[in-house]
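# Overview (structure and organization)
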Amino acid sequence: MATTFGISNTEIYRQPGLTIGINDKSQISGAGEYVISKNQVNTILAKVYPGAYATTIDSGIPLWATNLIVESYDVSIDEGGIATIKIQYIAPSGNQYEFPTPESLPKNQPTYRLEGRLSEKSLTEHPKFKALSKEQQAGLKKLIAGGIEWAKNTDSPYEFRLFFPIVDAFQIPYDLTLTGDSIEFAEIIAGGVTTYVSPTITWTETSEGSSSMTSAQLNKLGKVSSPRGPEPSPAGTRDWMLTGASQEQRGSADNAIYQTSIEWTLSEDGGWSSFLYT
């Protein structure tokens, strides 16, 4: 059998120092260095692609870590007709959305993120506006649309009215006395403000694994859904909706690693409409 400086053209020589541990992202990962004949480089690299199992290149991987896969690699051609391959390994998550993994294999736990943002909404969506009577709401909506005015009742200074300004004798009269929170809304609207900022709370799970998203999972987008993980329990009658899903793939379809991100959004008080979103 031909050799180059004692290096076989068919063997893979793992160097001392194979490591398996937890990286800075709290993921189970590993690294190994291997020496081969440079004549083997193309053959070996056909096996060392992102997503390939570590055992295809290293039969000495411990049994409990056999689901480690190739994340990245680096090749250097050295003197004497040899080559060195440095490989980074990573363990797919065993907790991908709806994809369990046997407990005997190492697995990376998903990463969870709670985020709050402010978004602009119409005053008509404010909970206090929705609590007004239909008549009061209708009048304030006319005020938002324009063409209607509001003022204190000159005959009774503690009353507030909405009315159309009189422009001719044929105008249809409109007169509504405002009460309670309607007065506050009228003052805000008359000052040119027709929107308010409302908090939006999202809960996101990010995980890596060997399974891609399925059609059934994607069909849950836009539906009321319970998040996974230690999500905060909403107070009152709020609930969650699956509002975002994304996936990145590394490697070929047969041995790919997928990074999936699932996002849920918390409803306003009262919950998402079961009629529209279930």
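What counts and what doesn't
- Residues numbered from 1 in each chain as written.
- Predicted model: local features only at pLDDT ≥ 70, side-chain atom pairs only at ≥ 80, totals over all residues.
- Heavy atoms only, no water.
- Helix = DSSP H or I, 4+ residues; strand = E, 2+ residues; numbered from the N terminus.
- Contact = heavy atoms within 4.5 Å.
- Areas by Shrake-Rupley, 256 points an atom, 1.4 Å probe, with all protein chains shown as cover.
- Axes fitted to C-alpha atoms, helices over the stretch in contact; angles between N-to-C directions.
- Parallel < 35°, antiparallel > 145°, perpendicular 65-115°, else oblique.
- Nonpolar A, V, L, I, M, F, W, Y, C, P; charged D, E, K, R; others polar.
- Buried < 20%, exposed > 50% of the residue type's maximum accessible area, 1.4 Å probe, protein only.
- Pairing = 2+ DSSP bridges.
- Core = buried A, V, L, I, M, F, W, Y, C linked by side-chain atoms within 4.5 Å.
- Expected span 1.5 Å × (residues − 1).
- Arc of directions from axis to C-beta.
- pLDDT = per-residue confidence, 0-100.
- Phe/Tyr/Trp six-rings, centres within 6.5 Å; stacked < 30°, edge-to-face > 60°.

This paragraph deals with the overall build of the chain. The helix and strand inventory of the chain stands at 6 helices and 16 strands. Counting only contacts in the chain whose residues sit at least 6 apart along the sequence, the fraction spanning at least 24 positions is 60%. For the chain, the exposed surface amounts to about 16,000 Å²; the carbon and sulfur share of it is 53%.

Our focus in this paragraph is the packing of helix 3 (residues 134-145) against helix 4 (residues 181-190). Between helix 3 and helix 4, the least distance of the axes is 10 Å, while the angle of their chain directions is 5 degrees. In this view, helix 3 runs roughly parallel relative to helix 4, as classed from their interaxial angle. Residues Gln136, Leu140, Leu143 and Ile144 of helix 3 touch helix 4, and the partners they reach there are Ser182, Phe185, Ala186 and Ile189. Partitioned by chemical class, the residues of the contact of helix 3 with helix 4 number 6 nonpolar, 2 polar and no charged.

Attention now moves to the pairing of strand 5 (residues 28-37). Here strand 5 lies mainly inside the structure; 9 of its 10 residues are buried. Alignment of strand 3 (residues 13-14) against strand 5, held across 2 bridges, turns out to be antiparallel. Residue pairing for strand 5: Tyr13 is matched across the bridge by Val35. Relative to strand 5, strand 4 (residues 19-22) runs antiparallel, the two being bridged by 4 bridges. Within strand 5, the position partnered with Ile20 by the bridge is Gly30. Alignment of strand 5 against strand 7 (residues 82-90), held across 9 bridges, turns out to be antiparallel. In the strand pairing of strand 7, Glu33 is matched with Lys86.

Turning to the nonpolar core, a few remarks are in order. Grouped together as the largest cluster of nonpolar side chains are 18 residues, with contacts concentrated most on Ile87 and Tyr89. Elements represented by at least two residues in this core include exactly strand 5, helix 1 (41-45) and strand 7. For this core, the element with the most residues is strand 7, which contributes 4 residues. With 13 residues, the next largest nonpolar core counts Leu140, Ala186, Ile189 and Tyr196 among its residues.

Next up on the list: the pairing of strand 6 (residues 69-78). Taken together, the 9 bridges between strand 6 and strand 7 define a ladder with antiparallel strand orientation. When the sheet's bridge partners are listed, Val70 is paired in strand 7 with Tyr89. Counting the residues between successive antiparallel strands, the hairpin from strand 6 to strand 7 contains 3 residues, one of them, Gly80, with a positive phi of roughly 85 degrees.

The end-to-end C-alpha separation of helix 3 is 16 Å, in line with the 16 Å expected for 12 residues at 1.5 Å each. Among all positions of helix 3, only Gln136, Gln137, Gly139, Leu140 and Leu143 are buried. The buried residues of helix 3 occupy one face: seen down the axis, they fall within an arc of 165 degrees. In helix 3, the exposed positions that point more than 90 degrees away from the buried face belong to Lys134, Glu135 and Ala145. Immediately beyond the C-terminal end of helix 3, within one or two residues, lies Gly146, with a positive phi of roughly 95 degrees.

For the chain, the mean per-residue pLDDT works out to 81, and 79% of the residues sit at or above 70. Mean pLDDT in the chain bottoms out at strand 1 (residues 3-4), which sits at 48, and peaks at helix 2 (residues 127-130), which reaches 94.

Turning next to the packing of aromatic side chains. Within the structure shown, the criterion is met by 3 aromatic pairs. Ring plane angle 15 degrees and centroid distance 5.4 Å describe the contact between Tyr112 and Trp203, whose orientation is recorded as stacked. Note that Tyr112 is positioned in strand 10 (residues 111-122) and Trp203 in strand 14 (residues 195-209), a separation of 91 residues in sequence. When the ring of Phe129 is compared with that of Phe185, the centres are 5.4 Å apart and the planes differ by 85 degrees; the resulting orientation is edge-to-face. Of this pair, Phe129 sits in helix 2 while Phe185 sits in helix 4, and the two are 56 residues apart along the sequence. Since its relative accessible area comes to 7%, Phe185 is described here as buried.

Time to look at helix 4. For helix 4, the complete set of buried residues consists of Ser182, Ile183, Phe185, Ala186 and Ile189. For helix 4, the angular spread of the buried residues around the axis is 165 degrees, confining them to a single face. Directly after helix 4, the chain includes Gly192, whose backbone phi takes a positive value near 95 degrees.

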